[in-house]
Amino acid sequence: MVAVQDKGFNTVRSVSVGTIQIGLHESVPNTVLLQSINDTFVVSVVAGEAYFDWIYISKADVPCTLVFTTNLTLEGGTSCTSSNFTVNAGLPSSLEIVDDVPDSVPAGTPFATQPKVQLVDAGGNVCLNENLLTLRVSIGHNPAGA
C-alpha cells in the first residue's frame, strides 16, 4: 500500500484522483523481473491510498529497490523509493538437470559427464541452502538383461 500524505505524514483521505505506478529502480539488473499476476502496475488512488495486489519479483539474490510514481502534482514530489531489500529463493518446487548423461555409454564404463541436478523454486531460482535434503536416484528405464 502506498499513501498520499501531508507534511505531518498523515494520509490525505480526501484524495481520490490520480494513479500510482510501481517499478524497479533503474540500478537493478535487467535479469530481475517485476511481475504481477493480474498485469497491474498502475493503480488508482482511493481515499489517499493505492493498493498493489500480486506484485512479485521473479529472481532471487539480487538487491532491489521499488519506485512509486504518481501523476498527481504534489508539493513533496511525484515519486518515492522503497528501502533496499533482497528477494530470497522460495521453497524447492522441482529438480532441474544441470549436466545430463551422454546419449550413449559403453556398458561398464563411467559416464564421461556425470549427471548433476539442482533444486529450484517456482521462479526457477536455485535453492542454495537446502543441504539437509537427500535425493534418491533410480534408473528410469532398464532394458532386460542389462
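Just so it is clear, the structure is predicted and the values come from calculations on it, not from any experiment. (Residues numbered from 1 in each chain as written. Predicted model: local features only at pLDDT ≥ 70, side-chain atom pairs only at ≥ 80, totals over all residues. Heavy atoms only, no water.)

A tally of regular secondary structure across the chain gives zero helices and twelve strands. Shown N-terminal to C-terminal, the secondary structure of the chain runs as helices and strands in the order β-β-β-β-β-β-β-β-β-β-β-β. Within the span of the chain, comprising 146 residues, buried residues form 23% of the whole. Put simply, of all contacts in the chain between residues at least 6 apart along the chain, 55% involve residues at least 24 apart. (Helix = DSSP H or I, 4+ residues; strand = E, 2+ residues; numbered from the N terminus. Buried < 20%, exposed > 50% of the residue type's maximum accessible area, 1.4 Å probe, protein only. Contact = heavy atoms within 4.5 Å.)

Residues at a pLDDT of 70 or more form 90% of the chain, whose mean pLDDT is 83. The weakest mean pLDDT in the chain belongs to strand E3 (residues 34-36) at 73; the strongest belongs to strand E5 (residues 49-50) at 94. (pLDDT = per-residue confidence, 0-100.)

Sheet strands associate in pairs through backbone hydrogen bonding, adopting either a parallel or an antiparallel arrangement. Taking strand neighbours across the sheet as the criterion, the four strands line up as E4-E2-E8-E9 in an open arrangement whose pairing is antiparallel. At either end of the open sheet lies a strand with only one pairing partner, and these are strand E4 (42-44) and strand E9 (79-81). Each strand axis lies, on average, 20° off the axis of its neighbour in the sheet, ignoring direction. The pairing of strand E2 (residues 19-24) with strand E8 (residues 66-70) spans five bridges and is antiparallel. Bridged to Leu24 within E8 is Leu66. (Pairing = 2+ DSSP bridges. Axes fitted to C-alpha atoms, helices over the stretch in contact; angles between N-to-C directions.)

Quick look at the pattern of salt bridges now. Side-chain pairs of opposite charge can arise where the charged atoms are in close proximity. Inspection of the entire model under this criterion finds two salt bridges. The salt bridge partner of Glu75 is Lys7, with a shortest N-O separation of 3.0 Å. Separated by 68 residues along the polypeptide, Glu75 in the loop between E8 and E9 and Lys7 in the loop between strand E1 (2-3) and E2 bring together distant segments of the chain. For Glu75, a relative accessible area of 73% gives the class exposed. Overall, the relative accessible area of 71% leaves Lys7 in the exposed class. As a salt-bridge pair, Arg13 and Glu49 come within 2.9 Å of each other at their nearest N and O atoms. Here Arg13, found in the loop between E1 and E2, pairs with Glu49, found in strand E5; they are 36 residues apart in sequence, far enough to count as distant. (Salt bridge = Lys/Arg side-chain N within 4 Å of Asp/Glu carboxyl O.)

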